[in-house]
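These are the residues of each chain, in order.
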Amino acid sequence: MITLTGKLDRILKSDTSTIVSFAIPNYMARYIDMERDKDYKITISEVKSKRSLQQNAMLWELISQIAKASDLIPDEDRVYMELIKLAKIKTVHIQTIPEARNDLLKAFRLLHEKERRTSDKGVETVVYECFYGSSTFTTEEMTRFIDVALYYAEQLGINTKEYR
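Presented here is a report on the structure given in the accompanying data block. Throughout, residues of each chain are indexed from 1 in the direction in which the sequence is written. Side-chain atom pairs in this predicted model are given and counted only at pLDDT of 80 or more, local residue features only at pLDDT of at least 70, and totals for whole chains, interfaces and linings cover all residues. Values reported for side chains reflect all heavy atoms of the structure, with hydrogen atoms and water molecules removed beforehand.

## With respect to the overall build of the protein
Thinking step 1. Counting its secondary structure elements, the protein contains four helices and five strands.
Thinking step 2. The order of α-helices and β-strands along the protein, N terminus first, is β-β-α-α-β-α-β-β-α.
Thinking step 3. Its C-alpha atoms give the protein principal-axis dimensions of about 80 × 35 × 30 Å.
Thinking step 4. Only protein chains enter the accessibility calculation, which uses a 1.4 Å probe. A residue is then buried if its area is under 20% of the maximum for its type, exposed if over 50%, and partly exposed in between. The proportion of buried residues among the 164 residues of the protein is 32%.
Thinking step 5. Taking all contacts inside the protein whose residues are at least 6 apart in sequence as the whole, residues at least 24 apart take part in 55%.
Thinking step 6. For accessible areas, the Shrake-Rupley method is used with a probe of radius 1.4 Å. Any residue's cover is judged against the shown protein chains and nothing else. For the protein, the accessible surface area stands at approximately 11,900 Å², while carbon and sulfur atoms represent 49% of it.
Thinking step 7. Under the counting rule used here, the positive set is Lys and Arg, the negative set is Asp and Glu, and His together with the chain ends is not counted. Charged side chains are reduced to one point each, which is NZ for Lys, CZ for Arg, CG for Asp and CD for Glu. Taking the average place of the 25 positive charges on the side chains of the protein and the average place of its 25 negative ones, the gap between the two points comes to 4 Å. Helix numbers and strand numbers start at the N terminus; a helix is a DSSP run of H or I with at least 4 residues, a strand a run of E with at least 2. Contacts are assigned to residue pairs with any non-hydrogen atoms lying within 4.5 Å of each other.

Below, the structure is given as structure tokens:
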């Protein structure tokens, strides 16, 4: 299943059928892998926050390209964490017992284990740096985050024209 965001382009009616056409950003086109003679179920809904959904799709495409192009940060989660730090977006440090990890993942997108500690009483704890999901970012934070991602991508030689 794929989800694309676009604008209604045109509706062409004939005696036997109707063609509904949507325009989508170029960077989304790579996700379309459809066969002409197959039937597809289509669900159309109005976008609640077009800007943030488009920004999010663009952001994750860019993060994927950065991960592929980078020798130092080879996976998307680590790229995401590094970009958050570069964009100076708030993270939270929490010290807790190791068993609380799954509960933290319900509130945060990613966790980075910073260190393990043992108290004087022998209780094992972990200090996590907790990263919020981009859906919680303000418009200003999201803009800054994307700007940092674009800059980082350009430094790796990634063509960013389609993202601007």
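Having put the structure on the table, let's press on.
## Things to note about the sheet that holds strand β3 (residues 91-96)
Thinking step 1. We call two strands paired when DSSP finds no fewer than two bridges between them. Pairing within the open sheet is antiparallel, and its three strands lie in the order β3-β5-β4. Two strands bound the open sheet, and with one partner strand each, they are β3 and β4 (110-118). Across the sheet, the axes of successive neighbouring strands diverge by a mean angle of 20 degrees, strand direction being ignored.
Thinking step 2. Pairing between β4 and strand β5 (residues 124-131): eight bridges, direction antiparallel. Across the sheet, residue Arg116 finds its bridge partner in β5, namely Val126.
Thinking step 3. Angles shown run from 0 to 180 degrees and are taken between the N-to-C directions of axes, each axis being a line fitted to C-alpha atoms and, for helices, limited to the stretch in contact. Relative to β4, helix α2 (residues 76-86) is tilted by about 85 degrees, and along the sheet it contacts β3, β4 and β5.

## Brief notes about the nonpolar core
One recurring pattern in soluble globular proteins is that nonpolar side chains are buried together.
Thinking step 1. Grouped together as the largest cluster of nonpolar side chains are 28 residues, with contacts concentrated most on Leu59, Ile66, Tyr80, Leu83 and Phe145.
Thinking step 2. Among the elements that make up this core, the one with the highest residue count is helix α4 (residues 139-155) (eight residues).
Thinking step 3. Not counting residues up to four positions away in its chain, the partners in contact with Tyr80 are Trp60, Ile63, Arg109, Leu110, Tyr132, Gly133, Ser134, Phe137 and Phe145.
Thinking step 4. Listed in part, the seven residues of the second largest apolar core include Val92, Leu104, Phe108 and Leu111. Buried Ala, Val, Leu, Ile, Met, Phe, Trp, Tyr and Cys residues form a nonpolar core when they are joined through side-chain atoms within 4.5 Å.

## Regarding a nonpolar patch on the surface
Thinking step 1. Taken together, the side chains of Ile2, Leu4, Leu8, Ile11, Val20, Phe22, Ile32, Met34, Tyr40, Ile42 and Ile44 make up a nonpolar region of the molecular surface, amounting to roughly 1,000 Å² of accessible area.
Thinking step 2. Within the residue set of the nonpolar patch, elements represented by two or more residues are β1 (7-13) and β2 (18-23).
Thinking step 3. With respect to the helices, strands and loops of the structure, Ile32 is situated in the loop between β2 and α1 (50-69). Nonpolar side chains (Val, Leu, Ile, Met, Phe, Trp, Tyr) are joined into patches within 5 Å and like charges within 9 Å, using only residues with over 30% relative accessible area and no salt bridge. We count a salt bridge whenever a side-chain nitrogen from Lys or Arg sits within 4 Å of a carboxyl oxygen from Asp or Glu.

## Observations regarding the packing of aromatic side chains
Thinking step 1. Only Phe, Tyr and Trp rings are paired, with Trp represented by its six-membered ring, and only when their centres lie within 6.5 Å; those with planes under 30 degrees apart are stacked, over 60 edge-to-face, the remainder tilted. In total, this model carries four aromatic pairs according to the counting rule given.
Thinking step 2. Ring plane angle 10 degrees and centroid distance 5.2 Å describe the contact between Trp60 and Tyr80, whose orientation is recorded as stacked. Of this pair, Trp60 sits in helix α1 while Tyr80 sits in helix α2; the two residues are 20 residues apart in sequence, bridging distant segments of the chain.
Thinking step 3. Consider the rings of Phe137 and Phe145, whose centres lie 5.4 Å apart with planes at 90 degrees: the pair is edge-to-face.

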